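# Examination of the molecular architecture
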Amino acid sequence: MAEKRTKKDAPGEEQAGKKLTFQQRRFVFEYQVDGNATHAAIRAGYSPDGANVTGCRLLKNPTIAAMIEAAEQQR
């Protein structure tokens, strides 16, 4: 089922020109908690078995990196 977008795109998402999945957006939110990509990936619902690789991969995504940067600037 496709995710409904009722709110404006998250900060940084429009800069990179790509839409993120719910799980990727959740990762960005969770990464703000402690700055740990592995723990953020697990809390976002990714498999704990490969969370270290997934977290690293997600941080390299330009859209996710832009959203994290925008969130840090808002702080």
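Located above this text is the structure these notes cover.
Quick look at the structure, then. (Residues numbered from 1 in each chain as written. Predicted model: local features only at pLDDT ≥ 70, side-chain atom pairs only at ≥ 80, totals over all residues. Heavy atoms only, no water.)

### Points about helix 2 (residues 22–34)
Turning to helix 2, its buried residues are Gln24, Phe27, Val28, Glu30, Tyr31 and Gln32. In the core, the buried residues of helix 2 are packed alongside helix 3 (37–43), helix 4 (51–60) and helix 5 (62–74). One or two steps after helix 2, the chain reaches Gly35, where phi turns positive at roughly 70°. (Buried < 20%, exposed > 50% of the residue type's maximum accessible area, 1.4 Å probe, protein only. Helix = DSSP H or I, 4+ residues; strand = E, 2+ residues; numbered from the N terminus. Contact = heavy atoms within 4.5 Å.)

### Re the packing of helix 2 against helix 5
For any two helices packed against each other, the geometry is given by the interaxial angle and the distance between the axes. Running from amino to carboxyl end, helix 2 crosses helix 5 at an angle of 40°, the nearest separation of the two axes being 10 Å. One element, helix 2, and the other, helix 5, form an angle in the oblique class. Viewed along their axes, helix 2 and helix 5 form a crossing whose handedness is right-handed. Residues Gln24, Phe27, Val28, Tyr31 and Gln32 of helix 2 lie in contact with helix 5, whose contacting residues are Ile64, Met67, Ile68, Ala71 and Glu72. Among the residues forming the contact of helix 2 with helix 5, the class breakdown is 7 nonpolar, 2 polar and 1 charged. (Axes fitted to C-alpha atoms, helices over the stretch in contact; angles between N-to-C directions. Parallel < 35°, antiparallel > 145°, perpendicular 65-115°, else oblique. Left-handed = near helix turned anticlockwise from the far one by under 90°. Nonpolar A, V, L, I, M, F, W, Y, C, P; charged D, E, K, R; others polar.)

### Concerning the pattern of salt bridges
Here the structure, examined in full by the defined rule, presents 3 salt bridges. In this structure, Glu30 engages Arg43 in a salt bridge whose closest nitrogen and oxygen atoms are separated by 2.8 Å. Remark: Arg43 occurs in helix 3 and Glu30 occurs in helix 2; sequence separation between them is 13 residues. A relative accessible area of 6% means that Glu30 is categorised as buried. Classification of Arg43 by relative accessible area gives partly exposed; the value is 34%. (Salt bridge = Lys/Arg side-chain N within 4 Å of Asp/Glu carboxyl O.)

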